[in-house]
Amino acid sequence: MRLIRETAALSEMTLRLGISGCFTFWEDYRREYIAFSGGETVLRAGEMPAGFFFLLSGRMRIYSLSESGALRQIALADSGREVPARGGSRYGTAVLGDVEFMRREPAPNHVESVGDTVFLRVAYDFEKMEGDLLLYKFLAHSMEWKMSSASSDVYAARKPLRARFSDYLRAATDGGVFRGSYLEAAQCLGCSYRQLMRVVSEMYRTGELAKQKGAILFFPKEK
């Protein structure tokens, strides 16, 4: 993790995504841009975030660990995700720290950077934020969107393993290159390694996967 200076491009991105419009007292809050490398932890389960984390670029993975240490992936989120709001307005990217702010409780899950990411962190100011009406409007829409997404995830979990693995690869590849682990993918998808490898073998036969110079290439079929 490293702090990075504000640039014209970052300022323009923040404006375009409508983040300032989520706060009544925008200019009063402490803000900083933070960069993470692939595999770095953004948030740890059991720790209270330092503020709201708005994903400006890249992709993050939200996951939990079972008592045995098995990884269970909960979601993959990309920058530039549009969150619809009532009245036609839109909040423009994924955010962390909203649930923790509302509940005043530590993060329930781990969050990891997938590849390089940049976040805008708006530090918590509980006293001033308690009276920030725009913030609470944003939080209501964010909670609504996350509840809707959770329902979609339940539906997705019923899809065949091959379809779920293809969805996983769409989110986990960088420019069509998959650098992850099949074992980890199996844990995320809730299947055995052997079950997943049968699917992988079939996808090699159909040309959806290929090896090139030590990398795994993914050629997704049109949905």
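No experiment lies behind these values; they were computed from the predicted model shown.

Asks: A description of the pattern of salt bridges should follow, citing residues and the corresponding values.
Replies: Under the defined criterion, the tally for this structure stands at 12 salt bridges. Note that glutamate 130 is salt-bridged to arginine 104, the shortest N-O span being 2.3 Å. Taken together, the positions of glutamate 130 in the loop between helix H3 (126-129) and helix H4 (133-156) and arginine 104 in the loop between helix H2 (98-103) and strand S9 (110-123) put the pair 26 residues apart, joining distant regions of the chain. For the salt bridge of arginine 205 with glutamate 202, the shortest nitrogen-to-oxygen distance reads 2.5 Å. Of this pair, arginine 205 and glutamate 202 both sit in helix H7 (residues 193-205), 3 residues apart, which is roughly one turn of the helix. Where salt bridges share partners, they join Arg162, Glu202, Arg205 and Glu208 into one cluster.

Asks: Break down the environment of aspartate 116 for me, with residues and values.
Replies: On the secondary structure map, aspartate 116 appears in strand S9. According to the relative accessible area criterion, aspartate 116 is exposed, its value standing at 62%. Separated by 78 residues in the primary sequence, aspartate 116 and glycine 38 have C-alpha atoms spaced 5.2 Å apart. Those residues in contact with aspartate 116, other than ones at most four positions away along the chain, are Phe36, Ser37, Gly38, Ser57 and Gly58.

Asks: So, the sheet that holds strand S11 (residues 209-212): which residues are in play, and what are the values?
Replies: Spatially, 3 strands are ordered S10-S12-S11 in an open sheet, and the strand pairing comes out antiparallel. Only two strands of the sheet have a single neighbouring strand rather than two, namely strand S10 (177-178) and S11. Across 4 bridges, the pairing between S11 and strand S12 (residues 215-218) is antiparallel. Residue pairing in the sheet places leucine 209 in a bridge with phenylalanine 218 of S12. Packing of H7 onto the sheet brings it into contact with S11 and S12, and relative to S11 it is tilted by some 80°.

Asks: Pulling in residues and values, what's your account of the pairing of S9?
Replies: Most of S9 is tucked away, with 11 of its 14 residues classed as buried. In this sheet, S9 lies alongside strand S2 (residues 31-36) in antiparallel orientation, the contact comprising 6 bridges. Looking at the pairing, alanine 35 lines up with valine 118 of S9. The pairing of strand S3 (residues 41-43) with S9 spans 2 bridges and is antiparallel. The partner of leucine 43 across the bridge, within S9, is valine 111. Pairing of strand S4 (residues 51-65) with S9, which is carried by 11 bridges, proceeds in the antiparallel orientation. Paired with arginine 59 across the strands is valine 114, a residue of S9.

What counts as what
Residues numbered from 1 in each chain as written. Predicted model: local features only at pLDDT ≥ 70, side-chain atom pairs only at ≥ 80, totals over all residues. Heavy atoms only, no water. Salt bridge = Lys/Arg side-chain N within 4 Å of Asp/Glu carboxyl O. Helix = DSSP H or I, 4+ residues; strand = E, 2+ residues; numbered from the N terminus. Buried < 20%, exposed > 50% of the residue type's maximum accessible area, 1.4 Å probe, protein only. Contact = heavy atoms within 4.5 Å. Pairing = 2+ DSSP bridges. Axes fitted to C-alpha atoms, helices over the stretch in contact; angles between N-to-C directions.

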